[in-house]
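Close look at the chain arrangement
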Amino acid sequence: MKILHTSDWHIGRALHGRKRYAEYEAFLNWLADLIERENIDVVLVAGDVFDNSTPSNYAQELYYRFLCRVAATANRHVVVTAGNHDSPSFLNAPKELLKFLNVHVVGCAAERPEEEALVLLGPDKEPRLIVCAIPYLRDRDIRIAEAGESVEDKERKIIEGIRTHYRVVCAAAERLRAGLHKHIPIVAMGHLFAAGGQTVEGDGVRELYIGSLAQVRTDVFPEAIDYLALGHLHVPQRVGGSDFIRYCGSPLAIGFGEAEQEKGVVLVEFSGNMPSVTHVPVPRFQALKTVRGDWHTIVGGIDDLKLQASTAWLEIIYEGDEIIANLRERLDEAIVGSALEILTVKNNRVLALAMQGLDTEETLDDLDVTDVFKRCLDAHTVPEDQRTALLNAYQEIITTLDEADQLAL
């Protein structure tokens, strides 16, 4: 069977307030064309379909339109698992209806993990593949909190909970395979942070549990897995040097920090139980460019882009010594007559002065919730030796609140 592995679409995500629906539509159309051209049998979507738990009507329309198109042939399967950005109940709501299109949705950990092992039939109606469709495992799914636990206790329980869940689902898959009396491949899915995984600044990857804990080593995954399709990290990468444990990465650059990455999806083709794995680049549907330096360097960079008739969205980072009070106005004048659009301006000269105690125009929009908490610690002169424990406790509260909000929707 030919399998396509994709993840981390984040449909509905904006970039510095700029909607990106045209990009998402272009990507999903490109992906559907690829699926049809390559005659893909199974599409795996490993979490973070949407960017938040309450996607807009347009984001939903793009998602369901894609599913209807790729599931038009009765012989193709689509398996969708939830990520930490997704609402489990929202994804699960139409799952019974979507089954009639051979779209299998797993929005949350099943009460009986064995139910996450799916046997998929080929065009000949014979079993051809078993998918362990494991979604993002929330804290409450994999451990019982106890009073007085240390951070180390929590980390150990989380890792063991993930290990146990994979072991139970994969054992069920092996029993199913034994009952079929044929040795078909077992593919597993996951939405987690593998130890050693690469990230980039500003990629929107949230901490999944407590602080930086629970980065999962490859020994957590049972040996029965022939290919492991992971989501959560946006950089395409192999895990532990294995061709068969992979993050496909996000198909679109989530932020300017990802702009130069070669985004892609992964094609997996089995000949027996040995997969052939190929990275397929995704086109750039909207150019993102960072222009940095002093004023003359920035103007020169903009002029070069104008000569190329570029339609890029720009991040401007001003690093000159001269203080320019009307920097944004001068930048807007510099792009007049072009299709360039400036999405964000960072004035590092002003920031440097701010670090010396001068006032800035920083607002809450420039900070995330953890930044605000750190500012509170600074304001109350909390000693350094107390900060790690407080930050871990704060992160645990935020994670719990996020999960409660998603489960309520």
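See above for the structure.
Below or above, wherever it landed, is the structure these notes cover. Being a predicted model, the structure only gives us computed values, none of them experimental.

Structural notes on the environment of Val 235
- Among the secondary structure elements, Val 235 is positioned in the loop between β8 (227-231) and β9 (237-239).
- For the pair Val 235 and Tyr 247, spaced 12 residues apart in sequence, the C-alpha separation works out to 7.3 Å.

Re helix α7 (residues 295-307)
- Taking 1.5 Å as the rise per residue, α7 with 13 residues should run 18 Å; its terminal C-alpha atoms sit 18 Å apart, in good agreement.
- Among all positions in α7, only Trp 295, Ile 298, Ile 302 and Leu 305 are buried. Summarising the axial view, the buried residues of α7 lie within an arc of 95°, below the 170-degree limit, and thus occupy one face. Within α7, the exposed residues directed more than 90 degrees away from the buried face are His 296 and Leu 307.

So, empty space enclosed by the protein
- The tally for this structure, following the rule as stated, stands at three cavities of 30 Å³ or more.
- Considering only enclosed or pocket space, the largest cavity measures out at about 130 Å³ in volume.
- Of the residues assigned to the lining of the largest cavity, the class counts are eight nonpolar, two polar and five charged.
- Roughly 40 Å³ of internal volume is contained in the second largest cavity.
- Lining the second largest cavity are 10 residues, and of these Pro 135, Leu 137, Tyr 166, His 191 and Leu 192 lie nearest its centre.

Details of the layout of surface pockets
- Size it by volume and the second largest pocket reaches roughly 200 Å³.
- Lining the second largest pocket we find 13 residues, and of these Lys 95, Val 105, Val 106, Glu 115 and Leu 118 sit closest to its centre.
- With three residues, the single largest contributor to the lining of the second largest pocket is strand β4 (residues 103-106).
- Of the residues assigned to the lining of the second largest pocket, the class counts are six nonpolar, three polar and four charged.

Some details on the nonpolar core
- If you look at the biggest cluster of nonpolar residues, it comprises 36 residues, and the most contacted ones within it are Leu 4, Trp 9, Ile 11, Leu 31, Tyr 63 and Phe 66.
- Where this core is concerned, the elements lending two or more residues are α1 (21-37), β2 (42-46), α2 (57-70), β3 (77-81), β4 and β11 (264-271).
- Per-element accounting of this core gives the leading share, nine residues, to α1.
- Excluding residues within four positions of it along the chain, Phe 66 makes contact with Trp 9, Leu 28, Leu 31, Ala 32 and Ile 35.
- Membership of the second largest hydrophobic core comes to 32 residues, among which are Ile 158, Ile 184, Ala 188 and Leu 230.

Conventions used here
- Residues numbered from 1 in each chain as written.
- Predicted model: local features only at pLDDT ≥ 70, side-chain atom pairs only at ≥ 80, totals over all residues.
- Heavy atoms only, no water.
- Helix = DSSP H or I, 4+ residues; strand = E, 2+ residues; numbered from the N terminus.
- Expected span 1.5 Å × (residues − 1).
- Buried < 20%, exposed > 50% of the residue type's maximum accessible area, 1.4 Å probe, protein only.
- Arc of directions from axis to C-beta.
- 1 Å grid on protein atoms, 1.4 Å probe; cavity = no way out; pocket = protein on both sides within 12 Å on 5 of 7 lines; lining within 4 Å.
- Points joined across faces, edges and corners; volume = space filled by probe spheres on them.
- Nonpolar A, V, L, I, M, F, W, Y, C, P; charged D, E, K, R; others polar.
- Core = buried A, V, L, I, M, F, W, Y, C linked by side-chain atoms within 4.5 Å.
- Contact = heavy atoms within 4.5 Å.

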